[in-house]
Amino acid sequence: MEEYKYLIPEESGDAISLDATKLRKIEQDLRSIFTKHHYEELMLPTFEYANFYQGIREQDSSSMFQFVNSDGQAIALRTDFTLPIARMYNNANTNEVRRYSYFGKVYRTTERHKGRSSELYQIGTELLGLGGEAGDQECLTLIEETMDTLELKNLKIELGSAKFYLRLMELVQDEKLSTILEKKSISEMKKFVTERGITGSLARLLLNLPMAFGNYEELMSFKDYVKDFELLDAIDQMAALYQTSSHQDQIIFDLSMVPSQAYYTGVMIKLYSYYSAYPILSGGRYDKLLNYFENDVPAIGFSYHLNTLLNAYIKEGEADD
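Just so we're clear, the structure is a prediction, and the values are computed from it rather than from any experiment.

Colleague: What exactly am I supposed to notice about the packing of aromatic side chains here?
Modeller: Given two aromatic rings, their pairing is described by the distance between the two centres and the angle made by the two planes. Enumeration according to the criterion identifies 15 aromatic pairs in this entry. When the centroid spacing of 5.6 Å and the interplanar angle of 90 degrees are considered together, the rings of tyrosine 263 and tyrosine 264 count as edge-to-face. Its relative accessible area of 10% is what places tyrosine 263 among the buried residues. On the basis of relative accessible area, tyrosine 264 is assigned to the buried category, the value being 8%. The structure contains a cluster of three or more aromatic residues connected by ring pairs, namely Phe34, Tyr39, Phe103, Phe302 and Tyr304. The side chain of lysine 22 reaches across the aromatic face of tyrosine 313, ending 4.3 Å from its centre. For the cation-ring pair, arginine 31 lies above phenylalanine 103, with the distance from its terminal atom to the ring centre recorded as 4.0 Å.

This is the structure:
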């Protein structure tokens, strides 16, 4: 037992190596922007009933850190901020537009020896009650304003659409497609289309989807492969959002993007540094999440992943040396 005086659990990973001074500077800059745009900062509980997460998004209990409390109830460490904020908004008995921000840690189990911590620091916002283009535009504008404070080079905003993905899954009705889209595998897509006997315009669309990645002009040219109205509408929504951007030269599109959260319904946004394989920010529209509370309210939000962001600073610094 003596050696444990000098060690930390693998689950804490890089938590103690994070640059606290840099993290506090990022916090200060983003908090200032959030306050200017009237986002109310929240302090949320660290402990939740495990059934709360499982009930809303059927989360696998193995991804949560759990214990049993004195009442015999399964308690989990907080796995994200969006769900507790959605609950708080619902409990306020309002359909008004509300803007919230948060700063803190979430805890998720990860595969061993993957080099990723289970103790994750996040900074983000949730915009509830404002749907459509207005909400999407406010979210993107806020992201662009915050990314300008990061002082990182070669940042890229990646836009996808859960609406496009969900409609595609309706048309195909085979979960295998999701894995193929994640891999962007041309060969697996060809095999999938052949084995399923898919023909016509849908086959042509699917065969080109692994390559549906690029700038605005490439997005517009891809519409030639799309015949379904809902899919076209999803592309048009992405194009309309692009037109409002002040950072158009930094935006790329990915029509094969698979939602990282099952509750996403519309635009999905990721922010990448050249020096990170993982997004430093992710977010999206989730207009159906409040339905769990029998409330019909549109919503959109994003979060910065500070562990990934701070590692990107380190990598960029090493490259500049």
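Colleague: What is the right way to read the pairing of strand E5 (residues 98-107) from this model?
Modeller: Each regular strand carries side chains that alternate between the two faces of the sheet. Extensive coverage of E5 is indicated by the burial of seven of its 10 residues. Pairing geometry for strand E1 (residues 40-42) and E5, over three bridges, is parallel. Residue pairing across strands places glutamate 41 opposite serine 101, the latter belonging to E5.

Colleague: Could you clarify how one ought to interpret helix H5 (residues 162-172) in this entry?
Modeller: Three- or four-residue spacings in an α-helix give side chains the same orientation, since the helix completes a turn every 3.6 residues. Along H5, the positions that sit buried rather than exposed are Ala162, Phe164, Tyr165, Arg167, Leu168, Met169 and Val172. Where the residues of H5 are buried, they touch strand E7 (156-161), helix H6 (176-183), helix H7 (186-196), helix H8 (200-208), helix H10 (229-243) and strand E10 (267-272). The backbone nitrogen of lysine 163 lies 3.3 Å from a side-chain oxygen of the residue at the head of H5, namely serine 161. Backbone geometry just downstream of H5 places glutamine 173 in the positive-phi region, at approximately 55 degrees.

Colleague: Can you walk me through the pattern of salt bridges in this structure?
Modeller: Pairing is possible between side chains that carry opposite charge, provided their charged atoms lie close to one another. Tallying each qualifying case throughout the model produces 18 salt bridges. The closest approach of N and O atoms between aspartate 29 and lysine 25, which form a salt bridge, is 2.6 Å. One end of the pair, aspartate 29, and the other, lysine 25, are both in helix H1 (residues 20-36), four residues apart, so they sit about a helical turn from each other. On the basis of relative accessibility, which here comes to 18%, the residue aspartate 29 falls in the buried class. For lysine 25, a relative accessible area of 39% translates into the label partly exposed. With its nearest N and O atoms 3.4 Å apart, the salt bridge here joins glutamate 188 to lysine 183. Within the structure, one salt-bridge network assembled from shared partners comprises Asp136, Arg285 and Asp287.

Colleague: Can you walk me through the nonpolar core in this structure?
Modeller: As a rule of thumb, nonpolar side chains are buried together in soluble globular proteins. Judged by nonpolar contacts, the single largest core of 66 residues is most densely connected at Leu150, Leu209 and Tyr304. Per-element accounting of this core gives the leading share, seven residues, to H10. Leaving out residues up to four positions away in the same chain, leucine 209 has contacts with Phe164, Leu168, Leu181, Phe222, Leu255 and Ser256. Counting 28 residues, the second largest nonpolar core, distinct from the first, contains Phe81, Ala162, Tyr264 and Met268.

Colleague: Hey, could you run me through the packing of H7 against H8 in this one?
Modeller: When two helices pack together, their arrangement is captured by the angle between the axes and the distance separating the axes. Where H7 contacts H8, the two axes come as close as 9 Å, and the packing angle between them is 160 degrees. Comparing their axes, H8 and H7 come out roughly antiparallel. As for the relative orientation of H7 and H8, their crossing is right-handed in sense. Between H7, through Met189, Lys190 and Val193, and H8, the contact on the second element is made entirely by Ala203, Leu206 and Leu207. Grouping the constituent residues of the contact of H7 with H8 by class yields five nonpolar, no polar and one charged.

Colleague: Before we go on, may I ask you to explain the pairing of strand E4 (residues 74-77) in this structure?
Modeller: As judged from the three bridges shared by strand E2 (residues 47-49) and E4, these two strands associate in the antiparallel manner. Within the sheet, the bridge partner assigned to phenylalanine 47 lies in E4 and is leucine 77. Alignment of strand E3 (residues 66-68) against E4, held across three bridges, turns out to be antiparallel. Bridged to glutamine 66 within E4 is alanine 76. Here E3 hands over to E4 after five residues, with glycine 72 in that stretch at a positive phi of 80 degrees.

What counts as what
Residues numbered from 1 in each chain as written. Predicted model: local features only at pLDDT ≥ 70, side-chain atom pairs only at ≥ 80, totals over all residues. Heavy atoms only, no water. Phe/Tyr/Trp six-rings, centres within 6.5 Å; stacked < 30°, edge-to-face > 60°. Buried < 20%, exposed > 50% of the residue type's maximum accessible area, 1.4 Å probe, protein only. Lys NZ or Arg CZ within 6 Å of the ring centre and 35° of its normal. Helix = DSSP H or I, 4+ residues; strand = E, 2+ residues; numbered from the N terminus. Pairing = 2+ DSSP bridges. Contact = heavy atoms within 4.5 Å. Polar contact = N/O pair within 3.5 Å; in protein donor to acceptor, adjacent residues only side chain to side chain. Salt bridge = Lys/Arg side-chain N within 4 Å of Asp/Glu carboxyl O. Core = buried A, V, L, I, M, F, W, Y, C linked by side-chain atoms within 4.5 Å. Axes fitted to C-alpha atoms, helices over the stretch in contact; angles between N-to-C directions. Parallel < 35°, antiparallel > 145°, perpendicular 65-115°, else oblique. Left-handed = near helix turned anticlockwise from the far one by under 90°. Nonpolar A, V, L, I, M, F, W, Y, C, P; charged D, E, K, R; others polar.

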